[in-house]
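# Residue-level structure breakdown
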Amino acid sequence: MMWVILGFLLLLALGQAFFYSMQGGQTISYSEFKTLVREHKVEEVTVADDRVRGTLKGENGAAARPFTAVRIEDPKLVEDLEQNGVKSTGEVSSRWLGELLGWIIPLLFLVALWGFFFRRMGGAEGGVMSFARSKAKIYADDDVKVRFGDVAGVDEAEDELREIVEFLKNPKKYTSIGGRIPKGVLLVGPPGTGKTLLARAVAGEAKVPFFSLSGSEFVEMFVGVGAARVRDLFAQAVVKAPCIVFIDELDALGKARIQSPMGSHEEREQTLNQLLAEMDGFDARKGVIIMAATNRPEVLDAALLRPGRFDRQVLVDKPDVRGREEILKIHVKTVKLADGVDLKVIAARTAGFAGADLANLVNEAALLAARKDKTAVEMKDFEEAIDRLIAGLEKKRVMSDKERRIVAYHESGHAIVASVLPGLDPVHKISIVQRGFGALGYTMQLPLEDKYLLTREDLVSQLCVLLGGRTAEEIAFGRVSTGAQNDLQRATDIARAMVTEFGMSEELGLVNYAGQQRPTFIDPGFLPQRGNYAEETALKIDNEVKRFITEAHDAARRVLEQYRDTLDRLSERLLEKEVIESEELKAIMGPLPPKDSDAIPVEIPPVAPPAGSNSSQ
Ligand code: ADP
Ligand code: MG
Ligand code: ZN
């Protein structure tokens, strides 16, 4: 760009010089000019405001020579010219070319420069007048090459998206029955797990055009530009339906609209409102599916998640061992592998890696091999690459082996207690794959039936399950970690609700101690956080809550001690596979006592025994 500007300036200078020399010929001083007039050497002159142009008489038959002199204040000029018989004309407005060069062209140049810089900022093609056009920013791909085969380790997300592919392939089939097609699909998951890749794969499988835009690109300097861009994006998409509109990094645009002390986010809000309006406004039956991706779903504006907008959410989680092996298989296709490279081993060593990390790993290993002039990538290169990447990922909190063991025992504890005790939903899945949102592992229970009422026994069992994780750590390692913080919080909440709201403690009776819902029109800061009761009662409540928790802890301990071998076996298996489904869990657990038996008493006695209890006063 610098060169263009310099070149232009040079051209301008040359042009001006050329113009003057062409017009004025030789430049002479004013006094010289007056001398020439007095010597009768001047043929004719044109007098302008600022200078005098004229021609000298050709001497000895030579052609007349033009000249220019800069004019100075000289009241006797006209008199002199007349006396010496010089033909003279005045000149006022015949300097358009001079004006053009001296004034209009630089102005045009400035306008062009201005346009150029704004275009760089706004990114719209075509100069000043087309800020709002999003053409240049919208990445439209009519022929996406990515298929589901290029994505691995996210089978559940893939299954959910297949339905969208079916619909895009044949929208009429679905709409003729009158079914409601999802308008918006939100892919949620940690960075690098393949959200963008999956969205492209949906377009590739369905063979429909793929419009993509990143949320951060919507947010421009000028109020209204982002909104115009959204409008434009949808206008373009509707023409090409069926197609996919993909908004990457939705959180940049769809952050909750809150009042911030730093002033309003006018522009972002307008853009978001426009997006909401477009999503409401157009008809999903036309076959435009809006997909979006985010790794921060918690910051999204609630309005985006309402029915008719991004009402379907697909979790794209980090892969387990098997998933990692599949992903590695995809990415090693492009590199030459030496014999003895075992992807299974690599997968086992890369717990906590997302798809993008694995792609990076393969690349890194290939580079290492190339640096050593090898012809194929060896296992050693992979090992070295893993060490390097883990060092780099340490900041991103990849679990160490020791931590993984603790998490495995912790989750196994939850799962065993949940399988053994009565009144609980069956365990659907245990996982120690680190999730993006803080949890190190999870045990998932699926309800068999909708429950509207929970008995005291159900709640007691739930307490036991929540404490099962912590208890397993105690039994296996004799030490405890911070990993149970959330469990303890939830257990305490349940126990407190049992005591103060559900009337499940005989000690405190059927009184509600939780207080009413606080009226919203009174500043909550001035109201007590609890119902109205004496300090003495507060002590009793605390003691009862503690007793419930302690009893549940004891019950969990009894269960886990009885199933000590199973705890070891399950934890080892979990460390190896990272995810265990209900079928395998059943096999590992072996025969269980019938759910309604009282093989393991977990009943919390209605009233605390008077002796040695801390609730006695
Ligand atoms: P995200 O959008 O979730 O942050 P991307 O889709 O941009 O992640 O992934 C970046 C790259 O990492 C992809 O282009 C691909 O090469 C690789 N990758 C990520 N996840 C997977 C996966 N599940 N299977 C195969 N490759 C993956
Ligand atoms: Mg992405
Ligand atoms: Zn837990």
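None of the values given here were measured: they were computed from a predicted structure. (Residues numbered from 1 in each chain as written. Chains lettered and ligands numbered in written order. Predicted model: local features only at pLDDT ≥ 70, side-chain atom pairs only at ≥ 80, totals over all residues. Heavy atoms only, no water.)

### Re the overall build of the protein chain
In terms of regular secondary structure, the protein chain is built from 21 helices and 14 strands. With the model as given, the accessible surface of the protein chain reaches about 33,300 Å², and the carbon-plus-sulfur share is 56%. (Helix = DSSP H or I, 4+ residues; strand = E, 2+ residues; numbered from the N terminus. Areas by Shrake-Rupley, 256 points an atom, 1.4 Å probe, with all protein chains shown as cover.)

### Let's talk about the nonpolar core
The biggest cluster of nonpolar side chains holds 51 residues, and the ones touching the most others in it are Ile416, Val417, Leu463, Met498 and Leu570. Put simply, the parts of the chain that give this core at least two residues each are helix H16 (401-420), strand S12 (427-431), helix H17 (456-477), helix H18 (485-500), helix H19 (535-562), helix H20 (564-577) and helix H21 (582-589). Of the residues forming this core, the biggest block, 10 residues, is contributed by H19. Excluding anything up to four places from it in sequence, Val417 contacts Leu424, Cys464, Val465, Gly468, Ala556, Val559 and Leu560. In this structure, Phe148, Ile164, Ala293 and Val316 belong to the second largest nonpolar core, which totals 29 residues. (Core = buried A, V, L, I, M, F, W, Y, C linked by side-chain atoms within 4.5 Å. Buried < 20%, exposed > 50% of the residue type's maximum accessible area, 1.4 Å probe, protein only. Contact = heavy atoms within 4.5 Å.)

### Some remarks on the coordination of the zinc ion (ligand 3)
At 2.0 to 2.1 Å from the zinc ion (ligand 3) lie its protein donor atoms, namely His410 (NE2), His414 (NE2) and Asp487 (OD). Of note, the donors binding the zinc ion (ligand 3) are all from one chain and are spaced H-x3-H-x72-D. With a gap of 77 residues between them, His410 in helix H16 and Asp487 in helix H18 connect regions that are remote in the sequence. Taking relative accessible area as the criterion, His410 reaches 6% and is therefore assigned buried. Asp487 sits in the buried class, given a relative accessible area of 8%. (Donors = N, O, S within 2.8 Å, 3.2 Å for Na, K, Ca; no water.)

### Concerning the packing of aromatic side chains
Applying the stated criterion to the full structure yields 5 aromatic pairs. With a centroid separation of 5.6 Å and 50 degrees between ring planes, the pair formed by Tyr30 and Phe33 is classed as tilted. Of this pair, Tyr30 and Phe33 both sit in helix H2 (residues 30-38), 3 residues apart, roughly one helical turn. The pair Tyr30 / Phe33 is uniform in exposure class, with both members buried. Pairing Tyr513 with Tyr533 gives two aromatic rings, centres 5.6 Å apart and planes at 80 degrees, and the pair type is edge-to-face. Taken as a pair, Tyr513 in the loop between H18 and H19 and Tyr533 in the loop between H18 and H19 lie far apart in primary sequence, 20 residues in all. Neither Tyr513 nor Tyr533 differs from the other in exposure class; each is buried. Put simply, the rings of Tyr30, Phe33 and Phe67 pair up and form one aromatic cluster. (Phe/Tyr/Trp six-rings, centres within 6.5 Å; stacked < 30°, edge-to-face > 60°.)

### So, the site of ligand 1
With respect to spatial proximity, 14 residues lie near ligand 1, and among them Ala152, Gly192, Lys195, Thr196 and His331 are the closest. Between ligand 1 and Thr196 there is a distance of 2.6 Å, counted from an oxygen atom to a side-chain nitrogen or oxygen. Relative to its unbound accessible area of 560 Å², ligand 1 is 77% covered by the protein chains. For the shell around ligand 1, the elements supplying multiple residues, two or more each, are helix H7 (195-206), helix H12 (321-331) and helix H14 (355-371). (Near = heavy atom within 4 Å. Polar contact = N/O pair within 3.5 Å; in protein donor to acceptor, adjacent residues only side chain to side chain.)

### Here's the deal with the pairing of strand S4 (residues 65-70)
Bridge analysis of strand S1 (residues 26-28) against S4 gives 3 bridges, and the strand direction is parallel. Bridging across to S4, Thr27 finds its partner in Thr68. Pairing of strand S3 (residues 51-56) with S4 involves 6 bridges; the strand directions are antiparallel. Looking at the pairing, Arg53 lines up with Thr68 of S4. (Pairing = 2+ DSSP bridges.)

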